[in-house]
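Now for the letters of each chain:
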Amino acid sequence: MTTPSTMKERSPPIEIDVGSEIWTVTFTTNGEHLVSGDIGGVQVWRTEDGKQMAKTETGIVRCLAVSKDGRWIAAGARGRAIVWDAKTYQQVFTLDYDLHYWHDINGVDFSPDASRLVAASENRTAIVWDLATGKQVQTLRHQNPVRAAKYSSQGDRIATATHESVRVWDSNDGHLLVDIKGGVTPSYKYNIAGLLWFNNHLFVISDSKIKEFDASSGLSVSEWLIHHNEPFEIPRIALPQHGEFIAYATNRTISFWDTSTRTQLGLIEHPRDILSIAFSPDDRFLAIGGPNGKITIKNLKDDLLPTSSTDRIVSQVPFIDITDTALDSWKKDRLKEAETSLAETITNSGNQSHSALANRALVRAHMRHWDLAIDDAEKSIEIRPSIVGYIAKSVALIGKGKKEEGCRVFDLVFRHCHSNEVDFLLLIKAVVVFMAGEHVDAVSRVGDLIATVHFKSICYVIQAYMYLRLGNERMENSDYVGAIRLFERARPRMRYDLAHRLFTISLISRWKFDDLDITIRQHLCEALYAAGRTTDAGESLLKLVNTFEEDVDFCQPNITEWVSDFTQRYLSASDVTQHGNSLLREWAKATLASRSWNDALVATIGFTTPRFATYRVVCEHLDTTDRIVEATDCFHQMVSELSMDAHAHGEQAKWAHDFRLHCTAKLAHLGDTAADVQQHDKAIARYSIALSLDPLARNDIFIKRSKM
């Protein structure tokens, strides 16, 4: 199985030396801080740079929780649970058990409304406290030590787990609702165990497997083998907010498993032993703690998993079995090269060529060679029926105009798939239905999947792409109001956590998802502008730029050219008093990235904004981007064109005076720097430009230039 290329981390991992064995880590609700529990107590660290923010000494801390409202931090220590104010880090509660001191707290969790805390203990109970009074309100009993306790997302139930069973309780009165036989596997020495609750499903580690149960009925939903646990392994699991994959950590490895297909997505090999892992609430960071006293915070922004010299990832592309050479050509739209590469594979594979035939059928369908594609697909199916074979035939038939037959052929994939692949295939079916022109039906299908499946984020991406395509059709028909409505609905809730699935859909459909949110916002700007809503169009552009300024390289030609073109049209066609200065700045940023300031100013002849305002933003942008010589030239031209002499008054004259002094000082400094390293010609040039700005010819600069 071949892998799609993975993006590199935007920043290196943050390493924190705690100084003692780390038992547990968790993030605060806003993700700005990481909380760790070790053999000495609790410490709080700033996520962005690992700076220590607070430290408390409580003895061994096995478990941590942060309330959903961000108000409280709770820790489980020996014989007691402790609660702190998450802002001041002041201790506000100590909730003591009526038991021997050596009975450890193995798990803590807040109710969603932060009014209660549940704590799982070695004394075979889970105690629920009312945080308003500090009193115990419920005792949930087992026959064995309780290893974990979790509230449901609605707060109406509590799950507790021992090594023999998982129980679900009514959180209102504490009566038992479900008793699931088969408990969690506690780790050697640490007595910590994995229990996760997502939607109405419980996930536990048990007998070298991840097991999934329906929390209402207690029935098994699925289970999948991880590997054989060694006696001294310490298994931990974590779930990001979207719930689409689960992270399983043991020894020095973190593996990632798709919660829908139960297939492994990839793995990270960590350089040190692992005791605890946690995702930040926005899923941007993964924290890893271990017995050697080190915490690693990985920045996972825009990536499924990080890759670096010490972390190796292996990803799978569902249903596509293909050589690296053919895949690389295919994903780059070099279809003829991909076809040739697949032909070589077919020739060399003989009777085992069904995968290559099916893949070539898809490639040929994209080349609009419908009959050849159908022929390849049928040969592939004859050798061995497969999911991709039927999908390829379906796509080719639809392309040839046989839409109903194509959709019927697609349904044959459900005879050859595992039950855990059905949901993803239903999403692909929705894409194929859209390709067949049944747009309303396709969008409805995706909406139904969003309401029922784990992998919601990829469904939102597909739905957004469909809205984008439909909005473009409305634009072509001059239905700008309808287009605006569709573009505004196309909010993809963008997460590329499941890039392998999105990659498969892209190969099948040729849909491109790169920078999809930006593309949608660009089209919304155009639709608003075409509809005469120019103020809204300008505001939409500013939101786009502000939202993605940190995440997108605005030096990309396709982005900068569009921003430059759109703002130029906008500023030339309307009274832009509301957003004029802001849009001028964005125009300057985009335009000056690829043009000289002279050419940029020529293009502004039709702007309705005052000429001085245009000159000002150009001069200031050139200055802030360290193009000070160009800024000076632009300033001289402005003074000449607008007849601004040194004795002018008013706001414009004040700005010109301040800018002149600023540039003079900056150029003098640059001259001094050059002189210090014996770059005399450069120093003379900078001093000369500085003197050209100062009508009073500052003596110190004149003297410095004379000495060169």
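We now turn to the structure provided with this report. Every chain's residues receive numbers from 1 upward, in the order its sequence appears when written. Side-chain atom pairs in this predicted model are given and counted only at pLDDT of 80 or more, local residue features only at pLDDT of at least 70, and totals for whole chains, interfaces and linings cover all residues. Hydrogens and waters are ignored; side-chain quantities use all the structure's heavy atoms.

1. A few points about the sheet that holds strand S10 (residues 105-110)
Think of a sheet as strands paired side by side through backbone hydrogen bonds, with each pair either parallel or antiparallel. Formally: A pair of strands is treated as paired once DSSP finds two or more bridges between them. Helix and strand assignments follow DSSP, with helices taken as H or I runs no shorter than four residues and strands as E runs no shorter than two, numbered in order from the N terminus. Helix axes are fitted only over the stretch in contact, all axes being lines through C-alpha atoms; the angle between N-to-C directions runs from 0 to 180 degrees.
On the basis of which strands lie adjacent, the open sheet formed by four strands has the order S10-S11-S12-S13 and antiparallel pairing. Since the sheet does not close on itself, it has two edges, and those belong to S10 and strand S13 (135-141), each with one partner. Adjacent strand axes in the sheet meet at a mean angle of 20°, parallel and antiparallel pairs treated alike. Relative to strand S11 (residues 116-121), S10 is paired through five bridges, and the arrangement is antiparallel. For Phe110, the partnering residue across the bridge sits in S11 and is Leu117.

2. A closer look at the environment of Thr125
Keep this limit in mind: Type-normalised accessible area, obtained with a 1.4 Å probe on protein chains alone, sets the label of each residue: buried when under 20%, exposed when over 50%, and partly exposed for intermediate values. Polar contact is the term for a pair of N or O atoms within 3.5 Å; when the atoms are in protein, one must be able to donate a hydrogen and the other to accept it, and sequence-neighboring residues count only if both atoms are side-chain atoms.
You can see Thr125 is positioned in strand S12 (residues 125-130). Judged by relative accessible area, which is 5%, Thr125 ranks as buried. Taking C-alpha positions, Thr125 is 9.9 Å from Thr162, a pair spaced 37 residues apart along the chain. Within the structure, the side chain of Thr125 is placed 2.7 Å from the side chain of Asn123, a separation counted as a polar contact.

3. Some remarks on the packing of helix H3 (residues 354-366) against helix H4 (residues 370-383)
Heads up, the rule is: Angles are sorted into four bins: roughly parallel if under 35 degrees, roughly antiparallel if over 145, roughly perpendicular if 65 to 115, and oblique for all others. Helix crossings fall into two classes, left-handed where the near helix is turned counterclockwise from the far one by less than a right angle and right-handed where it is turned clockwise. Pairs of residues are marked as contacts when any of their non-hydrogen atoms sit within 4.5 Å. For this classification, Asp, Glu, Lys and Arg are treated as charged, while Ala, Val, Leu, Ile, Met, Phe, Trp, Tyr, Cys and Pro are nonpolar and the rest, including Gly, are polar.
H4 packs onto H3 with a crossing angle of 160° between their chain directions and a minimal axis gap of 8 Å. Accordingly, the angle class assigned to the pair H3 and H4 is roughly antiparallel. Taken as a pair, H3 and H4 cross one another with a handedness that is left-handed. Here His354, Leu357, Ala358, Arg360, Ala361, Arg364 and Ala365 of H3 come into contact with H4, specifically with Trp370, Leu372, Ala373, Asp376, Ala377, Lys379, Ser380 and Ile383. Across the contact of H3 with H4, the residue classes break down as nine nonpolar, two polar and four charged.

4. Points about the packing of aromatic side chains
Just so we agree on the cut-off: Two rings belonging to Phe, Tyr or Trp (six-membered ring only in the last case) form a pair when the distance between their centres is within 6.5 Å. Interplanar angles under 30 degrees mark stacking, angles over 60 mark edge-to-face geometry, and anything in between is tilted. A ring has a charge above it when a Lys NZ or an Arg CZ is no more than 6 Å from the ring centre and no more than 35 degrees off the ring normal.
Under the defined criterion, the tally for this structure stands at eleven aromatic pairs. Plain terms: the ring middles of Tyr465 and Phe513 are 5.4 Å apart, the flat faces sit at 65° to each other, and that makes the pair edge-to-face. Here Tyr465 is found in helix H9 (residues 456-476), whereas its partner Phe513 is found in the loop between helix H11 (499-509) and helix H12 (516-530), with 48 residues between them in sequence. Summarising the burial analysis for this pair, Tyr465 and Phe513 share the class buried. Members of the aromatic cluster, joined through ring pairs, are Phe434, Tyr465, Trp511 and Phe513. For the cation-ring pair, Arg501 lies above Phe424, with the distance from its terminal atom to the ring centre recorded as 5.1 Å. Against the face of Tyr529 rests Arg569, its NZ or CZ located 5.6 Å from the ring centre.

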